[in-house]
Amino acid sequence: MADCGVSFMEAKRYYVTAQRERSRAGYRRTMRRQARVRIIILAVILSFAIAGGLLAAANATGGMENISDCNSEVGNLTALAVDQQTQEVQDAVSQQTQKVQDSASQSASQEQQGTPVDVTSVPHIFFHSLINDDRAFEADVIGQDRVAANNAAMTTTAEFDAIIQNLYDAGYMLVSLDDLCVKTTGDDGQVHIAPNTNLCLPEGKKPLVLSEDDLSYYHSYGIGTQGYATKMVLDENGKPKCEYTDADGNTSVGDYDVVPRLDSFIESHPDFSYHGARGTVALTGYNGVFGYRTNDYYKDINNPNLDPDQVKWLQDHPDYNFDEDCKNAKAVADAMKAEGWTFASHTYGHLNATDTPLDKLQYDNERWMATVEPIIGPTDKIIFAFGADIGPAGGYTSDNEKFQYYKEQGFNIFCNVDGNIGWTEFGDNYMRTGRVALDGFTMYQAMTADAGTHHIYATDYEKLGIHDISSFFDSMRPTPIESE
Ligand SMILES: [Zn+2]
């Protein structure tokens, strides 16, 4: 992969230059206006004086990054003050003073928590929906193709629990994708991205990013016949849980997938989450989301865009109500957001963005915006299906039309799949991370010395502090496990 250090330095240079440009513009504005409203100058000088004293205090504790934030806040105040009445200015100055005080004390408390972590090499792991029982591996019932897919791309609940415990024991702590970067909107209206140089974790903790792909309970997951949950629901406390039907036909609500299982782990291990961070859930739209059929094509069983699985599902569910499903899905999304979960596009149709032409990606994204965004709200993240990225490592170039399109559509954070765990790239207007799946395929490859990609995944698991995969690798899995 590319040398991440180069793009990191470029991004940092850009950030510093942009900061300087903004400061110059603010200064010129101030000079023009000072002559008009002389009394305001006194208030502004006062704010600088107060800020200066507090910043000196912050400096003494080593909070350099927050000081630059404080300076730009004071600059904003200067512009604000000259356009308003004296009373408003006094209010603003007092508010600003409070902000600076808050900032200084936050800086001090962050320093107490430890030194800033390097956000350019944070491991990003991901899972698909979890398998709850051995029906996922019954070839004579569900077919060899489904068994191969379940075995390679999925993780069982017992394996997930062991992995999370291993990661916790190794000192990892979840941070969000947004924690890794600083976003600023330039004069051109573009969102610029820089590495967050001020992410401080408690002593001994290491950052980790987690995502879950395809949380839709696709028709291909067997709707209750392959050991997956069937949908996400809210429990009596309004917490996101899963509905699951076991092999005997008993349906219950509980921790049958990544979201509620991780929430429960964090409830008993709060130091596994930095500032309440959870994971990012990547969603397509074609089968709906969270087990709800929120794609508007389902409204009409004669819609020519429906595939045979969708038509059969509609025939089997005569009580289906589109509006009701949208309402329930939105309630789940809201509860997840309240817990700290974030969302990403996974393309509407689970497209390979490397191979799909731009016009088809545009149409696909319009479908995603029409059918998924209304449920989960806006997002600036895209997690590419199949990990199929829109450009090679080394930076999205200015002539990359797919990147330009997604950027115009509001995406800033792009994620692919990369065996080199921790691979991260910062451009001046995007962040990109490479993810490693902790699934049947990578576990088997990592623990099997003569497997084809043993070395890659053994290295990844070792870096994560997961040293004994065979102790929790689920015995119900058929082996060997090859790539799908
Ligand atoms: Zn996917």
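This one's a predicted model, so the numbers in the text were calculated from it and none came from an experiment. (Residues numbered from 1 in each chain as written. Predicted model: local features only at pLDDT ≥ 70, side-chain atom pairs only at ≥ 80, totals over all residues.)

Our focus in this paragraph is the overall build of the chain. Helix and strand counts for the chain stand at 15 helices and 16 strands. For the chain, restricting intrachain contacts to residue pairs at least 6 apart in sequence, the fraction spanning at least 24 positions comes to 75%. (Helix = DSSP H or I, 4+ residues; strand = E, 2+ residues; numbered from the N terminus. Contact = placed C-beta atoms within 7 Å.)

Now for unusual backbone geometry. Residues other than glycine predominantly adopt negative phi, and peptide bonds predominantly adopt the trans conformation. Pro480 follows Thr479 through a cis peptide bond whose omega is 0°. By secondary structure assignment, the location of Pro480 is in the segment after α15 (454-463). For Phe290, which is not glycine, the phi torsion reads 60° and is therefore positive. Tracing the chain through its elements places Phe290 in the loop between β11 (280-283) and α9 (308-316). A tally of 28 C-beta atoms within 10 Å means that Phe290 is categorised as buried. Positive phi outside glycine occurs at Phe386, with the angle close to 60°. (Buried ≥ 20, exposed ≤ 12 C-beta atoms within 10 Å, placed from the backbone.)

This next bit is on the sheet that holds strand β10 (residues 251-254). Reading across the sheet, the three strands line up as β8-β9-β10 and stay open at both edges, with antiparallel pairing between neighbours. Unpaired on one side and paired on the other, β8 (231-234) and β10 mark the two borders of the sheet. For this sheet, the mean angle separating the axes of adjacent strands, direction not counted, is 35°. As judged from the four bridges shared by strand β9 (residues 240-245) and β10, these two strands associate in the antiparallel manner. (Pairing = 2+ DSSP bridges. Axes fitted to C-alpha atoms, helices over the stretch in contact; angles between N-to-C directions.)

Among the nonpolar cores identified, the biggest contains 99 residues, and Met173, Leu174, Val175, Leu208, Leu283, Val289 and Ala329 are the most heavily contacted of them. Ranked by residues supplied to this core, first place goes to helix α10 (residues 322-339) with six residues. (Core = buried A, V, L, I, M, F, W, Y, C linked by C-beta atoms within 7 Å.)

Another point: the packing of helix α7 (residues 157-169) against helix α8 (residues 258-268). In contact at an axis separation of 11 Å, α7 and α8 are set at 35° when each is read in the N-to-C sense. Considering only the axes of α7 and α8, their crossing is right-handed. Across the interface between the two elements, Thr157, Phe160 and Ile164 of α7 pack against Val258, Arg261, Leu262 and Phe265 of α8. In the contact of α7 with α8, the residues fall into five nonpolar, one polar and one charged. (Left-handed = near helix turned anticlockwise from the far one by under 90°. Nonpolar A, V, L, I, M, F, W, Y, C, P; charged D, E, K, R; others polar.)

Once that is clear, we can look at the confidence of the model for the chain. Atomic detail in the predicted coordinates should be set aside for any region of low pLDDT. Overall, the prediction assigns the chain a mean pLDDT of 83, with 76% of residues at 70 or greater. Scored below 50 in pLDDT, residues 1-112 shows 105 contacts in the model against residues more than four places distant or in partner chains. (pLDDT = per-residue confidence, 0-100.)

Turning next to the environment of Lys402. Within the element layout of this structure, Lys402 appears in helix α13 (residues 401-408). Residues Lys402 and Leu358, spaced 44 residues apart in sequence, show a C-alpha to C-alpha distance of 6.0 Å. When residues no more than four places from it in sequence are discounted, the contact partners of Lys402 are Ala353, Leu358, Leu361 and Ile390.

With that settled, consider the pairing of strand β6 (residues 191-195). Among the five residues in β6, four count as buried, and that is most of the element. Hairpin connection between strand β5 (residues 181-185) and β6: a loop of five residues separates the two successive antiparallel strands, and Gly189 in this loop has a positive phi of roughly 80°.

α13 packs onto helix α11 (residues 358-371) with a crossing angle of 20° between their chain directions and a minimal axis gap of 10 Å. With respect to their mutual orientation, α11 and α13 come out roughly parallel. α13 is crossed by α11, and the crossing has right-handed handedness. Of the residues in α13, those in contact with Leu358, Leu361 and Gln362 of α11 are Glu401, Lys402 and Tyr405. Taken together, the residues that form the contact of α11 with α13 break down as three nonpolar, one polar and two charged. (Parallel < 35°, antiparallel > 145°, perpendicular 65-115°, else oblique.)

With that settled, the discussion passes to the pairing of strand β12 (residues 342-345). Working note: regular strand, side chains alternate between the two faces of the sheet. Side chains of β12 alternate between two faces, with Thr342 and Ala344 and Phe343 and Ser345 buried alike. Of the pairings in the sheet, the one linking β11 to β12 comprises four bridges and is parallel in character. Within β12, the residue paired with Val281 across the bridge is Phe343.

With that settled, the discussion passes to the environment of Thr448. Along the chain, the position of Thr448 falls in the loop between α14 (440-447) and α15. Sequence spacing of Thr448 and Ile469 is 21 residues, and the spatial spacing of their C-alpha atoms is 9.9 Å.

Within the element layout of this structure, Leu361 appears in helix α11. According to the C-beta neighbour criterion, Leu361 is buried, with 20 such atoms within 10 Å. Remark: the alpha-carbon pair of Leu361 and Tyr406, spanning 45 residues in sequence, is separated by 9.2 Å. When near neighbours in sequence (up to four residues on either side) are disregarded, Leu361 contacts Leu351, Ala353, Thr356, Lys402 and Tyr405.

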